[in-house]
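For reference, the chains in residue letters:
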Amino acid sequence: MRPTADAPPPRRSPGRRLLAGTLGGTLAASLLTALLTTVLTSASVTVGASTAHAAEVYPRGASGTVTISGRGFGHGHGMSQWGAYGAASQGIGWQQIVDHYYPGTVRTPIGNPTVRVDVSGDLGQMAFSPAAGQWASFGTSGTAVAPMPVVGVTGSPIVVFVVQRLDSANARVLYQTRDGAWTQWGPAATQVGITNRSTGTVTAWGTTSGRFGSIRGEFRGVMVSGALAPVAVVPMDEYLRGVVPHESPASWPANALAAQAVAARSYAAYALAHPRSSAFDICDSTSCQVYQARSFVASTDAAITATAGVALRYQGQPVFAEFGASTGGWNSAGSQPYLPAQPDPWDNTPANPSSSWTVTVSAATMQANWPSIGTYQGIQILARDGAGMWGGRVVTALVYGSAGSVSVSGGSLEAQLGLRSTYLTIVPDRPDLYAPVLSGTASGRVELRGATGASAYAAPSPTAVTGIAGANPAQWRFVAGHSLGGARSDLVGVHTSGTASGRTEITVSSSASGYTSSRVFVTPLPAFTPDSAWQVSAGKSPGDVCFILLVGGASHSVEVHCLAASSGYTTWALHAATVIVTGVPSATSRFLVAPGTGDLYWVMHGGVTGSGRPELHGLSAASGFRSWVMHAALPLAFGSDTTAMYALSPTGGAPDLTWVILSGGGSGRVEVHTLSAASAYGQFSLHAATGLAMSTYPDMQPSFG
């Protein structure tokens, strides 16, 4: 594959109570409080370290598109051509370049053996002009030979010879004279060869492609499985003259071109030992390596000469020297021990247009590629190869929609969506801020305010007056619900006490109705008052609601109980007892269930932590909340007048943690401060002051969706 030549400003914090700097280094175990120490099942867990790779679920966002961020171009095996360029630009020699990309191999002179190249990709069927010294041979033995005439049997000059399929077993040569007549010349044979005994050079052009090729060797037409294969038979170095300038730009540094020559020679030598058919060793396309018998260049000819017939060997055998345009900074493992997964120190050269890339795909494209899913709803990465960023290249993924799901390979995802590689991640839309105001509104009803994620929360969302009468903050908890097809999320209100049924009720206000139409669902959970015993969180799937029981459970531990939106909140999706023992102080703890993964995150704040900062601790849902996935001290500080809430923002993997300041911030506005999961919650990815005045909404309950 031939490579092609093809930061946002920092944000100022509007708040005055954020700790300066970031959380550096690994925190000592002493940062954990005595309370946390009692609930950890293993004292070996280190704060700040991730011990599990989170599931990756990317629901369709409000934009209705899928943004894919990736690295590299191609399979990532063996030499990166842009990496070779980057290394050579630093003065690194070709020997060191090939030794790095093919570790354990030995550079070995192999001479100049003959290579048979299937040129059907570039030329197709071949035609020849008459030329002095041109001869034809018939049959695989090559013993039946004859000089090719320049005048036809009618005395008219010959203008062109064509090698053509006669039947399933034989080819023939035809010529056309100036008077337009076609005549068969010579016997039919399984193989016809054309050489020039005077100049050594034969020029052909493709009758279908219109391109020409000129070689110092022999052009053949060979019958293979009933079809006529055009084949160029040339010495190795002559072959490389048609490969190197078509795989790497001839203007590149000499050592990059020399490394390309060695990789190409090694790849061809492997093909000689493992030919593609009895008629030819190698093809002329990116399925093998690109070969075009024209446009030879002095710089690449010099690279071929400089490497003096050198090819790579591994344990004495030819090397399958795969290469590609760009590894994206990390090689993926190939099929051979000398093609390992390893960091690529040179691929990230500034000139490389494929070092990183971004593609936006419409929902319509997803549906057209996988129509059985119905309306596109999202994608989940099921497996990666474990090498590099994001956990490496995608091995399998699940594309899902309203009618079902389809499991696809990473290669299929790449091919169907026209991506450069499988080394990719999905960039989720920044979720909108949903901020229902429960009481004191002019309408006397719950009003939904907020800010759009697309504007980084600078632009307000349209205010919506819901159908819910003014709600008592002591009896209601609100979360963002289901979102599909670019619509805003529904609003899910959890009415925990004071209900007519005597049970906990869930009211869903639909975004499609402008939040004026609501449905009430009676749950199997008795009514309760959210207090020191209970907390409410959004669940793993859109619209699900989880109840976290802090004290009073039969298990004597913190418990998680979740209701499924898909069942109309009548069926429990989860009952689980965590490793956290009962007795957690509710006033200084906030429990949140991560969207997509279902992992449980515990925010400890308010001066009770050993680090003196708020701390975040995560439990894996996949382990039944028995294993910790992360611990981190957060670069946050509370003032005595600060009122803030925490929320999780979906990223596809581990969620970002967002700190929403409702009062006591420096801007006088409701503020959004996001700590990125990618930084282990040590760095902010966003500071934003919204258009919502702090003092106006004392009972606001923010969430993201």
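Residues numbered from 1 in each chain as written. Predicted model: local features only at pLDDT ≥ 70, side-chain atom pairs only at ≥ 80, totals over all residues. Heavy atoms only, no water.

Enquirer: Looking at this structure, I do not really get the environment of leucine 419. What am I missing?
Expert: Residue placement: leucine 419 occurs in the loop between helix H9 (410–417) and strand S27 (424–427). Residue class for leucine 419 comes out buried when judged on its relative accessible area of 7%. When the C-alpha positions of leucine 419 and threonine 358 are compared, they lie 9.2 Å apart, and in sequence the two are 61 residues distant. The residues contacting leucine 419, other than those within four sequence positions of it, are Ile68, Trp357, Val359, Leu413, Glu414 and Leu424. (Helix = DSSP H or I, 4+ residues; strand = E, 2+ residues; numbered from the N terminus. Buried < 20%, exposed > 50% of the residue type's maximum accessible area, 1.4 Å probe, protein only. Contact = heavy atoms within 4.5 Å.)

Enquirer: In this structure, what is going on with the side chain of threonine 658? I would like to understand it.
Expert: Looking at where threonine 658 falls in the secondary structure, it is placed in strand S44 (residues 656–663). Within polar-contact distance, the side chain of threonine 658 engages the side chain of serine 649 at 2.8 Å. For threonine 658, the residues in contact, after removing those within four places along its chain, are Met645, Tyr646, Ala647, Ser649, Val672, His673, Thr674 and Phe704. (Polar contact = N/O pair within 3.5 Å; in protein donor to acceptor, adjacent residues only side chain to side chain.)

Enquirer: Quick question: what am I supposed to make of the pattern of salt bridges here?
Expert: What the rule picks out here adds up to 11 salt bridges. With its nearest N and O atoms 3.5 Å apart, the salt bridge here joins aspartate 237 to arginine 265. Pair noted here: aspartate 237 is in helix H4 (residues 236–241) and arginine 265 is in helix H6 (residues 254–273), with a separation of 28 residues, a long-range link. The buried category is assigned to arginine 265, whose relative accessible area is 0%. The partner of aspartate 301 in a salt bridge is arginine 241, with the nearest N and O atoms 3.1 Å apart. Placement of aspartate 301 in helix H7 (residues 298–306) and of arginine 241 in helix H4 is noted, with a sequence separation of 60 residues between them. (Salt bridge = Lys/Arg side-chain N within 4 Å of Asp/Glu carboxyl O.)

Enquirer: Quick question: what am I supposed to make of unusual backbone geometry here?
Expert: Outside of glycine, negative phi angles account for most residues, and trans bonds account for most peptide bonds. The phi dihedral of tryptophan 390 is positive, around 65 degrees, even though this residue is not glycine. Note on placement: tryptophan 390 falls in the loop between strand S24 (376–384) and strand S25 (394–401). Of the residues examined, tryptophan 390 reaches a relative accessible area of 24% and is grouped as partly exposed. Although it is not a glycine, tyrosine 569 adopts a positive phi angle of roughly 65 degrees. If you trace the backbone, tyrosine 569 turns up in the loop between strand S37 (557–563) and strand S38 (572–581). Residue tyrosine 569 is classed as buried on the basis of its relative accessible area of 3%.

Enquirer: What should I look at first to understand the sheet that holds S24 in this one?
Expert: Sheet strands pair by backbone hydrogen bonding; their relative direction is either parallel or antiparallel. Taken in spatial order, the four strands make up an open sheet running S1-S24-S25-S26, and their pairing is antiparallel. If you trace the sheet from one side to the other, it starts and ends with strand S1 (56–59) and strand S26 (404–409), each paired once. Strand after strand, the sheet turns through a mean of 20 degrees between neighbouring axes, direction not considered. Bridge analysis of S24 against S25 gives seven bridges, and the strand direction is antiparallel. Its bridge partner being in S25, isoleucine 379 is matched across the sheet by valine 399. (Pairing = 2+ DSSP bridges. Axes fitted to C-alpha atoms, helices over the stretch in contact; angles between N-to-C directions.)

Enquirer: Can you help me understand the packing of helix H3 (residues 94–101) against H6 in this one?
Expert: Between two packed helices, both the angle of their axes relative to each other and the distance between the axes serve to describe the pair. Across the interface, H3 lies against H6 with an axial gap of 8 Å and an inter-helix angle of 50 degrees. Considering their axes alone, H3 and H6 lie oblique with respect to each other. Taken as a pair, H3 and H6 cross one another with a handedness that is right-handed. Contacts between H3 and H6 involve Trp94, Ile97 and Val98 from the first element and Asn255, Ala258, Ala259 and Val262 from the second. Classifying every residue of the contact of H3 with H6 gives six nonpolar, one polar and no charged. (Parallel < 35°, antiparallel > 145°, perpendicular 65-115°, else oblique. Left-handed = near helix turned anticlockwise from the far one by under 90°. Nonpolar A, V, L, I, M, F, W, Y, C, P; charged D, E, K, R; others polar.)

Enquirer: Can you help me understand the packing of aromatic side chains in this one?
Expert: Any two aromatic rings considered together are summarised by their centre-to-centre distance and by the angle between their planes. A complete count under the given rule lists 22 aromatic pairs for this structure. Consider the rings of tyrosine 457 and phenylalanine 704, whose centres lie 5.8 Å apart with planes at 75 degrees: the pair is edge-to-face. Remark: phenylalanine 704 occurs in strand S47 (residues 703–704) and tyrosine 457 occurs in the loop between strand S29 (445–451) and strand S30 (464–469); sequence separation between them is 247 residues. Like tyrosine 457, the residue phenylalanine 704 is buried in the burial classification. One aromatic cluster in this structure is built from Phe138, Phe161, Tyr175 and Trp185. In this arrangement the basic side chain of arginine 197 is found over the ring face of tryptophan 135, its NZ or CZ atom lying 3.7 Å from the centre. Of note, arginine 241 hangs over the ring of phenylalanine 296, and the distance from its end group to the ring centre comes to 4.2 Å. (Phe/Tyr/Trp six-rings, centres within 6.5 Å; stacked < 30°, edge-to-face > 60°. Lys NZ or Arg CZ within 6 Å of the ring centre and 35° of its normal.)

Enquirer: For this particular structure, what's the right way to read H7?
Expert: Note on helix geometry: an α-helix contains 3.6 residues per turn, so any two residues three or four positions apart are oriented the same way. The set of residues buried in H7 consists of Thr300, Ala303 and Ile304. End-on, the buried residues of H7 take up no more than an arc of 100 degrees, which puts them together on one face. Structural note: H7 exposes Ala298, Thr305 and Ala306 on the side pointing more than 90 degrees away from its buried face. Contacts made by the buried residues of H7 are with H4, helix H5 (244–247) and H6. Of the residues one or two after H7, alanine 308 is the one with positive phi, at around 50 degrees. (Arc of directions from axis to C-beta.)

Enquirer: Got a minute to help me understand the state of the cysteines in this structure?
Expert: Such a bond, covalent and formed between the sulfur atoms of two cysteines, is termed a disulfide. Counted by the stated rule, this structure contains two disulfides. Sulfur-sulfur distance for the disulfide between cysteine 283 and cysteine 288 comes to 2.1 Å. Since a negative S-S torsion denotes a left-handed disulfide, the cysteine 283-cysteine 288 link at about 115 degrees is right-handed. Among the residues examined, cysteine 283 registers a relative accessible area of 7% and is labelled buried. Each disulfide pairs two cysteine sulfurs, and for cysteine 546 the partner residue is cysteine 562, the sulfurs being separated by 2.0 Å. Its torsion about the S-S bond being 105 degrees, the disulfide of cysteine 546 and cysteine 562 is classed as right-handed. You can see cysteine 546 sitting in strand S36 (residues 545–549) and its partner cysteine 562 sitting in strand S37, a full 16 residues away along the chain. Residue cysteine 546 shares its accessibility class with cysteine 562, and that shared class is buried. When the cysteines of the protein that form disulfides are numbered from the N-terminus onward, they connect as 1-2, 3-4. (Disulfide = S-S within 2.5 Å.)

Enquirer: Looking at this model, I keep getting lost on the nonpolar core. Mind explaining?
Expert: Generally speaking, a soluble globular protein has its nonpolar side chains buried in company with each other. Counting 72 residues, the largest nonpolar core has Tyr102, Tyr239 and Tyr291 as the members making the most contacts within it. The element best represented in this core is H6, accounting for 11 residues. Filtering out sequence-adjacent residues up to four positions away, tyrosine 102 remains in contact with Gly78, Met79, Ala263, Leu312, Ala321, Glu322, Phe323, Tyr338 and Leu339. (Core = buried A, V, L, I, M, F, W, Y, C linked by side-chain atoms within 4.5 Å.)

Enquirer: Just checking my understanding: could you explain the side chain of serine 354 for this structure?
Expert: Relative to the helices and strands, serine 354 is located in the loop between strand S22 (342–343) and strand S23 (357–362). Once residues within four sequence positions are removed from consideration, serine 354 is found in contact with Arg71, Gly72, Phe73, Ser326 and Arg420.

Enquirer: Teacher, can you tell me more about empty space enclosed by the protein here?
Expert: One way to see where empty space is left: roll a probe the size of a water molecule over the atoms. Within this model, the largest cavity holds a volume of roughly 80 Å³. In this structure, the largest cavity is lined by Tyr58, Pro59, Arg60, Gly61, Thr65, Val66, Thr67, Tyr376, Ile426, Val427, Pro428 and Asp429. Of all the secondary structure elements, the ones that give two or more residues to the lining of the largest cavity are S1, strand S2 (65–70) and S27. Partitioning the lining of the largest cavity into residue classes produces seven nonpolar, three polar and two charged. (1 Å grid on protein atoms, 1.4 Å probe; cavity = no way out; pocket = protein on both sides within 12 Å on 5 of 7 lines; lining within 4 Å. Points joined across faces, edges and corners; volume = space filled by probe spheres on them.)

These results come straight from atomic positions and should not be treated as a statement about function.
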